[in-house]
Amino acid sequence: MGVTCVCQVPVAEGKSVQQTVDMLHKKLEQLGAVKQGNFWVDCETYHATGNATGQPSKLLYVMHNSETPLSCMALFEGGPGLSADANFDVLMVKLKSHFQNAKGHKVESRGARYRYCDFLVKIGTVAMSSSARGISVEVVMRSVEYCACVIPGDCWNLMKEFMQSFLGSNTPELPTVFTNKPEGLCVPVDCMDTMSQYLELFSKVRKQQVMPGSGVR
Amino acid sequence: MEAPPVTVMPVTGGTINMMEYLLQGSVLDQSLESLLHRLRGLCDNMEPESFADHELVYLLKGQQGNPFLLRARRSLLHPTAPWHLRYLGQPEVGDKSRHALVRNCVDVAASHSLPEFLNEMGFRMDHEFVAKGQVFRKGMMKVVVSKLSRVLVPGNTENMEPLSLSYLVELSVLAPAGQDTVSEDMRSFAEQLKPLVHLEKIDPKRLM
């Protein structure tokens, strides 16, 4: 596992989501990246059914990532995260009287996985469907991982340069999950940093569902 | 660093309903050596594994019904090992002819942020203790002989006192639901440990 940067790619003008994805695939292949299967990341939302203390409860997100298929990551927005084995999903079923699964809130991202030397690039779409409203939102996302380093401060410039080669002006800034750390950019990353970025992106998609705007189909 | 291709997906068995079959008993401190000697002779030919675990019992109280209980364990001997989170269901009632206590069991390995995470979920620590002892195996059966100690200062496992003058002995098997022949094997093994220890089907609700 290395330093990962996840972000949304705006849909090219006059193109559909799928056409934008195909364009990015083509650019990567021209660079010399090799397709290595597919990837998926999903996120289930749970809300507490009511607590004795009467405090407003936060939403609990349970996520899975195809890079770590036997693990399960649970996060509170802005709060502590937990990485556990897949049995955590079974535990959430047991906890259903305390934490209810918001079924219409399932978000997932699927797409192709490319390798270019030490970089792992994933281009996919984020889809969220709300059964209650019958709306489906899709945006293009990409994730770039530099597998050879775990210190963001040491490899960010290299990652940025690599991303510029196929994203051009859409190259993102350093993810806030790294800059917000009190220890700075010199501490090793962990899987939670990657999952928080996915969560941030998924929350953004959810908001776009409410207010459909540019780049959203 | 080569990441594995994701197309090769391992088989996940997360949803198998596992049951714990359990028999419990205790021995006085002075009888411990004879029991360990007997277990060395009866169990699989391997050195028993020593352990020292700190267990924290968490409760989540809802607006109605019984509180939800989870047990979080960490190894004191291997501080970098993952935490172990365990859910134990209510003992199954009904079949009186069954020789062991049967209850649903979910074991989860978790990262070190577990206590903080459980707190955020609304769980509160109810009590904690330290268990030190040895684990023996015989096939799929597990025999745990352990001394339980009370933690005097919350969170400080250096400062504790033994809970009693005896050792807890537990014979357990984890198996998918419906494998009731397991309890027969456990009963015959428990017979072989008599009269050093009497392992019985103890309903935890009776002790509350």
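Described below are features of the structure shown in this document. Note that the coordinates shown come from a computational prediction; the quantities given were computed from them, not determined experimentally.

Conventions we followed
- Residues numbered from 1 in each chain as written.
- Chains lettered and ligands numbered in written order.
- Predicted model: local features only at pLDDT ≥ 70, side-chain atom pairs only at ≥ 80, totals over all residues.
- Heavy atoms only, no water.
- Phe/Tyr/Trp six-rings, centres within 6.5 Å; stacked < 30°, edge-to-face > 60°.
- Helix = DSSP H or I, 4+ residues; strand = E, 2+ residues; numbered from the N terminus.
- Buried < 20%, exposed > 50% of the residue type's maximum accessible area, 1.4 Å probe, protein only.
- Salt bridge = Lys/Arg side-chain N within 4 Å of Asp/Glu carboxyl O.
- Axes fitted to C-alpha atoms, helices over the stretch in contact; angles between N-to-C directions.
- Parallel < 35°, antiparallel > 145°, perpendicular 65-115°, else oblique.
- Contact = heavy atoms within 4.5 Å.
- Nonpolar A, V, L, I, M, F, W, Y, C, P; charged D, E, K, R; others polar.

Now for the packing of aromatic side chains. Residues and elements named next belong to chain A. In this structure the tally under the stated criterion is nine aromatic pairs over all chains. Taking the centre distance of 4.1 Å and the plane angle of 15° together, the rings of Phe-119 and Phe-162 count as stacked. With Phe-119 in strand E8 (residues 119–130) and Phe-162 in helix H3 (residues 152–167), this residue pair connects regions lying 43 residues apart in the sequence. Assigned by exposure class, Phe-119 and Phe-162 land together as buried. Three or more aromatic residues joined by ring pairs form one cluster here, namely Tyr-116, Phe-119, Tyr-146, Phe-162 and Phe-166.

Taken as a whole, this structure holds 16 salt bridges over all chains when the rule is applied. A salt bridge links A:Glu44 to A:Lys106, with the nearest nitrogen and oxygen atoms 3.7 Å apart. Residue A:Glu44 is located in strand E2 (residues 34–48), and its partner A:Lys106 is located in the loop between strand E6 (99–101) and strand E7 (107–116); the two are separated by 62 residues in the primary sequence. Given the relative accessible area of 18%, A:Glu44 is considered buried. On the basis of relative accessibility, which here comes to 30%, the residue A:Lys106 falls in the partly exposed class. A salt bridge links B:Asp107 to B:Arg86, with the shortest nitrogen-to-oxygen separation between them at 2.7 Å.

Turning to the packing of helix H1 (residues 17–31) of chain A against H3(A), a few remarks are in order. A pair of packed helices is captured by two measures, namely the crossing angle of their axes and the spacing between those axes. All names here are of chain A. H3 packs onto H1 with a crossing angle of 120° between their chain directions and a minimal axis gap of 9 Å. Considered as vectors, H1 and H3 are oriented oblique to each other. Residues Leu-24, Lys-27, Leu-28 and Leu-31 of H1 form the contact with H3, whose participating residues are Phe-162, Ser-165, Phe-166 and Leu-167. A breakdown of the residues in the contact of H1 with H3 according to their chemical character gives six nonpolar, one polar and one charged.

The values reported here are purely geometric and, on their own, carry no functional implication.
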